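Letter by letter, the chains look like this.
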Amino acid sequence: AARIAALGPLLRKRFEIAASVMAIFEKQGLEPARRYAASHGGYQLDEKIIVAIKQIRDLETRLLAERRALSKRSGDWLLGFAILGIPFSLLVLGLVQRYLVLENAERRRSEAAARASAVSFETLSARSESLSQYTGMLQTCTDSEELLSLSGPLLSRMVPGLAGTLYLTRASRDHAEIAAQWGQH
């Protein structure tokens, strides 16, 4: 901007000389107009104007080259980040997917363990309830025959798939007799 501002007075002075040369040319002819232009620095002023314009042009060319280089460098960085960003993004997505797969597998294992625990709890609860009922029925039995006839069927329902035998021992405890059986022996 300073160079262009400095060019302004040179151009104004040159226009003044050119106007005077034209006036002299119209009144006195070509030779007096040339002498006036040479004596009042018209040709030297032309050289100064040409040098100033060349300096401005060279400065602008250099600035444009610097801007071009800076733009190219910025574009190269941007392209580099884009090229690196794609694999990095894919890596992050892969890690997240792996984490989700592992988390899902762990959740499935936990659900299976919870279901197994629930089934085991239900089984134990049902057996506890059956045992409680069996205990209550045993307490209401009035003799050993009633107790034995009740025990076989109830125990086979409480522990399905297992066989068993109840023995009665004599008072001397030297002999035991089969009193009831259930399941296959």
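Conventions used here
Residue positions within a chain follow its written sequence, with the count starting from 1. With the structure being a predicted model, the display of local features is reserved for residues of pLDDT at least 70 and the display and counting of side-chain atom pairs for 80 or more, all residues being used for whole-chain, interface and lining totals. Neither water nor hydrogens contribute to the side-chain values; these are computed over all heavy atoms in the structure. Whenever a carboxyl oxygen of Asp or Glu lies within 4 Å of a side-chain nitrogen of Lys or Arg, that contact is scored as a salt bridge. Per the convention used, a helix needs a DSSP run of H or I reaching at least four residues, while a strand needs a run of E reaching at least two, with both numbered from the N terminus. Two rings from Phe, Tyr or Trp (for Trp, the six-membered ring) form a pair when their centres are within 6.5 Å of each other. A pair whose planes differ by under 30 degrees is stacked, one over 60 is edge-to-face, and the rest are tilted. When accessible area is computed with a 1.4 Å probe and restricted to protein chains, residues below 20% of their type maximum are described as buried, those above 50% as exposed, and intermediate ones as partly exposed. Working convention: axes come from line fits to C-alpha atoms, limited for helices to the stretch in contact. Angles between N-to-C directions cover 0 to 180 degrees. Oblique is the label for any angle not covered by the other classes, which are roughly parallel (under 35 degrees), roughly antiparallel (over 145) and roughly perpendicular (65 to 115). Each crossing gets its handedness from the near helix: less than a right angle anticlockwise from the far helix is left-handed, clockwise is right-handed. The contact rule is simple, with two residues in contact once any of their heavy atoms fall within 4.5 Å. Side-chain classes are defined by residue name, with Ala, Val, Leu, Ile, Met, Phe, Trp, Tyr, Cys and Pro counting as nonpolar, Asp, Glu, Lys and Arg as charged, and the others, Gly among them, as polar.

Student: Outline the pattern of salt bridges, supporting the account with residue identities and numerical values.
Tutor: Following the criterion strictly, the structure yields eight salt bridges and no others. One salt bridge in this structure joins Asp 76 and Lys 72, with 3.2 Å as the shortest N-O distance. With Asp 76 and Lys 72 both in helix α3 (residues 42-140) and four residues apart, the pair spans about one turn of that helix. We note a salt bridge from Arg 109 to Glu 106, for which the minimum N-O separation is 2.8 Å. Residue Arg 109 and its partner Glu 106 are both found in helix α3; the two are separated by three residues, about one turn of the helix.

Student: With reference to specific residues and values, describe the packing of aromatic side chains.
Tutor: Any aromatic ring pair is given by two values, namely how distant the centres are and how the planes are angled relative to each other. Overall, the coordinates contain one aromatic pair when judged by the stated rule. On the basis of an interplanar angle of 35° and a centroid distance of 5.7 Å, the ring pair of Trp 77 and Phe 81 is categorised as tilted. You can see Trp 77 and its partner Phe 81 sitting in helix α3, four residues apart, about one turn around the helix. According to the relative accessible area criterion, Phe 81 is exposed, its value standing at 54%.

Student: Mind laying out the packing of helix α1 (residues 2-28) against helix α2 (residues 30-39), listing which residues take part and the relevant values?
Tutor: In the contact formed by α1 and α2, the axes pass within 7 Å of each other and the chain directions differ by 155°. As the angle between them shows, α1 and α2 are arranged roughly antiparallel. The two elements α1 and α2 meet at a crossing, and its hand is right-handed. Two secondary-structure elements touch here, α1 through Ile 17, Ser 20, Val 21, Ile 24, Phe 25 and Gln 28 and α2 through Leu 30, Pro 32, Ala 33, Tyr 36 and Ala 37. Considering only residue class, the contact of α1 with α2 consists of nine nonpolar, two polar and no charged.

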